[in-house]
Amino acid sequence: MSAQYCGLCRRTAFSGRRHRYSAAHRRRLREALDRLQEEVAAARAAAAAAEEEGGSGAAVRPYDPAEHDRRVWCLCCGRGVRRDGRRGGMALPRAALLQHLAGPQHRRETARFWREQRAEAALRERFLVPAEEYERFARALERALDAHRRREEERIRQMAAGIREAERRQRETVRAALQLQTEPEPGPGPSGQSLPAGRQRDSPHDAEQPGPSGMQAGPVLNWMESGQALTFIGHQETEGKGNVHTGAKPPWLMEEEEEEGSKPQIGPSYEEFLKQKEKQKLKKLPAERVGANFDHTSQTGDNWLPSFGRVWNHGRRWQSRHQFRTESGEKKKKR
């Protein structure tokens, strides 16, 4: 018998056509057909719901790649098929799968699959969608898209009308505020006549004064006059100091004038750092080295040189030699 590869069981069968009638193969075939039948039933139910809604627009949804880019494995054709269709920024649920199930290629591949796998002939029509049913579904989708497009246009018109109304109210508010500022007010004179609005703002401060850069500054407005919507908090002047608007030097360009010793020094000085560094170096040397305990701060005179005995001790050389041999013998005994 020849070896044949079964794509459904994903193994090579050496029993020939007998493998297709085996219990394991029939079980896997039934499970695969059940999964595909669930998708086909859901697609036909969506088509029936779209026809019942009559173009109300509920059959379309905003496109979401995470949800509407899914694929369904078509067992008969042996490839993945998109589940949902797309029209612009709108998703058409189950539209792509219904189009595939109603196509002539799927019908041919289904007949071939049923013939090769020896499936039940009565189940084949459950995996096919008639062309008339798909045409009704397509017409319902077109009506749904038209209804959705009309709703979007109406919503955009309402938003535009709201924006125009808000702009009109804003213009009226600005116009009313300008009218209040330009209306003259009765003066305190006996005749009850008032000066023009331009005269009321005249004051000694209105004269142009030369600025620090040689340019003429603008008039100073009198904020205490009535009709102004601002609150006067007084002239903010600093004695002996100016700002960038009066021509003074900016604070980031001023030199810092700090007296020596005015601020405490933070951290050790450079000399203390060098001393500490030398101490760290000495800690790495052996503790019993010559001169380890020497006091460098002691005051010595001119006759500071030692005798010719042992290092830094008094005595003769022969005495130091005998003493060294004695100490060396004691160290060896201790070991």
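Remember, it's a predicted structure, so these values are computed and weren't measured experimentally.

### Here we look at the pairing of strand β4 (residues 71–74)
In step 1: Residues Val 72 and Cys 74 line the buried face of β4, whereas the alternating positions Arg 71 and Trp 73 sit on a face that is not buried.
In step 2: Hairpin geometry of β4 and strand β5 (residues 79–82) is characterised by an intervening segment of 4 residues between the two adjacent antiparallel strands and by a positive phi of about 70 degrees at Gly 78.

### Quick word on the state of the cysteines
In step 1: Applying the stated criterion across every chain, the model contains 0 disulfides.
In step 2: The cysteine Cys 74 is free of any disulfide, with Cys 77 supplying the nearest cysteine sulfur at 3.6 Å.
In step 3: On the accessibility criterion, Cys 74 (3% relative accessible area) is buried.

### Side note on the sheet that holds strand β7 (residues 90–92)
In step 1: Strand order in the open sheet formed by 3 strands is β3-β7-β6, and the pairing between neighbours is antiparallel. Two strands close off the open sheet at either side, each with one partner strand: β3 (61–62) and β6 (85–87).
In step 2: Across 3 bridges, β6 lies against β7 in antiparallel orientation. Along β7, the bridge assignment pairs Gly 85 with Leu 92.

### Brief notes about unusual backbone geometry
In step 1: For Arg 94, which is not glycine, the phi torsion reads 65 degrees and is therefore positive.
In step 2: Tracing the backbone through its elements, the reader meets Arg 94 in the loop between β7 and α3 (95–101).
In step 3: In this structure, Arg 118 is a non-glycine residue whose phi angle is positive, near 55 degrees.
In step 4: Note that Arg 118 resides in the loop between α4 (104–117) and α5 (131–182).
In step 5: Among the residues examined, Arg 118 registers a relative accessible area of 34% and is labelled partly exposed.

About the thresholds
- Residues numbered from 1 in each chain as written.
- Predicted model: local features only at pLDDT ≥ 70, side-chain atom pairs only at ≥ 80, totals over all residues.
- Heavy atoms only, no water.
- Buried < 20%, exposed > 50% of the residue type's maximum accessible area, 1.4 Å probe, protein only.
- Helix = DSSP H or I, 4+ residues; strand = E, 2+ residues; numbered from the N terminus.
- Pairing = 2+ DSSP bridges.
- Disulfide = S-S within 2.5 Å.

The values reported here are purely geometric and, on their own, carry no functional implication.
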